[in-house]
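Descriptive analysis of the structure
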Amino acid sequence: VRDYFGVTERSEVIGRAFFEHYGNRFLKEYTDYFATDEDAYTFPWWLSAEVDFCFIDKRYIKADFSTEVYMGGAHGDSKIRHYMIDSETSTVLKLEDICSDIPALEKRAEVHFRKANNLDAQGDLEQYRFWFRENQFHLNQNFYFDTEKITFVFNEYEIAPYFMGLFYIELPFAELKDILKLKL
């Protein structure tokens, strides 16, 4: 199963051409598979994608981009990507845009992550089946915020096996006042 809608560049525009490109890619994969596999049997392939927008305040817009795809196998694949858009500049915010000290943010987020998942404070992440690069906790760019907290989302297969599901880390702004650049 492929991540058909994994936007890797935060500057990529999600519009009609974006959806058409990935829809056509999915259709080509489907027709190529059945054209080359003599033993192919018919099973339902499907692709679903949607974008939801939400105004956080006068300055920020949250865009939630969710996809589901099934191309055979044990299960489908679903992803959700969150984008925070500065309405004054029309740019997608990166973590660096909202935080002055990312290593400090990651340390605080790791405490929340370990507590929420009942992990030892200093335990080896791999022993709990987590796939963090170099076995070190890190944050991704898949985040959103409201007026009280910032939330990071890790999709299935991003940091752990499928059966462990999605992971959310919520950090209250009250704990981040010294490193937060946001003005809410």
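Look up: the structure comes first, before these words.
Because the structure is a prediction, the values reported are computed rather than measured. Once a new chain begins, its residue numbering starts again from 1 and follows that chain's sequence as written. Reporting of local features is limited, given that this is a predicted model, to residues whose pLDDT is at least 70; pairs of side-chain atoms are given and counted only at 80 or more, and all residues count toward the totals for whole chains, interfaces and linings. To obtain the side-chain values, all non-hydrogen atoms of the structure were included, while hydrogens and water were left out.

Quick word on the overall build of the protein chain
Helix numbers and strand numbers start at the N terminus; a helix is a DSSP run of H or I with at least 4 residues, a strand a run of E with at least 2. Helix and strand counts for the protein chain come out as 3 helices and 7 strands. Ordered by position from the N terminus, the helices and strands of the protein chain form the series α-β-β-β-β-α-α-β-β-β. In this scheme, a residue with accessible area under 20% of its type's maximum is buried, one over 50% is exposed, and one in between is partly exposed, where area comes from a 1.4 Å probe on protein chains only. Burial statistics for the protein chain: of 184 residues in total, 39% are counted as buried. A contact between two residues is defined here by any heavy atoms of the two lying within 4.5 Å. If you take every contact in the protein chain between residues at least 6 apart in sequence, the share linking residues at least 24 apart comes to 54%.

Side note on the side chain of E156
The topology assignment puts E156 in the loop between β6 (149-154) and β7 (167-172). The buried charged residue E156 lacks any salt bridge partner; its closest oppositely charged side chain belongs to K79, at an N-O distance of 5.7 Å. Leave out the neighbours within four places in its chain, and E156 touches D77, S78, K79, Y162, G165 and L166. In this charge count, Lys and Arg are treated as positive and Asp and Glu as negative; neither His nor the chain ends contribute. Salt bridge, as applied in this entry: a Lys or Arg side-chain nitrogen positioned within 4 Å of an Asp or Glu carboxyl oxygen.

Regarding helix α3 (residues 102-116)
Spanning 15 residues, α3 covers 21 Å between terminal C-alpha atoms, matching the ideal 21 Å at 1.5 Å per step. Listed as buried for α3 are A104, L105, A109, F113 and R114. Two N or O atoms count as a polar contact when they lie within 3.5 Å, although within protein this holds only if one can serve as hydrogen donor and the other as acceptor, and sequence-adjacent residues are included solely when both atoms are side-chain atoms. The distance from a side-chain oxygen at the start of α3 to the backbone nitrogen of A104 is 3.2 Å, and the residue carrying that oxygen is D101. The length a helix should cover is 1.5 Å for every residue beyond the first.

Focus: the sheet that holds strand β5 (residues 143-145)
Spatially, β5-β6-β7 is the arrangement adopted by the 3 strands of the open sheet, whose pairing is antiparallel. Of all the strands in the sheet, just β5 and β7 have a single pairing partner and so form its edges. With strand direction ignored, the average angle separating the axes of adjacent strands in the sheet is 20°. Paired strands are those between which DSSP finds at least two bridges. Alignment of β5 against β6, held across 3 bridges, turns out to be antiparallel. Counted as the bridge partner of F143 is F152 from β6. A fitted line through C-alpha atoms represents every axis, and for helices the fit uses only the stretch in contact; the resulting angles, taken between N-to-C directions, go from 0 to 180 degrees. Sheet strands touched by α3: β6 and β7. Its angle to β7, the strand with the most contacts, is close to 120°.

Some points on the sheet that holds strand β4 (residues 91-92)
Reading across the sheet, the 4 strands line up as β1-β2-β3-β4 and stay open at both edges, with antiparallel pairing between neighbours. Strands at the two margins of the open sheet, each flanked by one partner only, are β1 (46-55) and β4. Strand direction decides the pairing type here: strand β2 (residues 60-70) and strand β3 (residues 77-86), joined by 10 bridges, are antiparallel. Paired with D64 across the bridge in β3 is H82.

A look at a nonpolar patch on the surface
Distance thresholds for patches are 9 Å for like charges and 5 Å for nonpolar side chains (Val, Leu, Ile, Met, Phe, Trp, Tyr), applied to residues having over 30% relative accessible area and no salt bridge. To be clear on the numbers: accessible area is Shrake-Rupley with a 1.4 Å probe, and residue cover counts the displayed protein chains and nothing else. Taken together, the side chains of W131, Y157, Y162 and F163 present a nonpolar region at the surface, about 450 Å² in accessible area. Here F163 lies in the loop between β6 and β7.

Side note on the environment of L171
Tracing the backbone through its elements, the reader meets L171 in strand β7. Residues L171 and L105 lie 66 residues apart in sequence; the distance between their C-alpha atoms is 9.2 Å. Contact partners of L171, with chain neighbours within four places excluded, come to L105, R108, A109, H112, K149, I150, F152 and L176.

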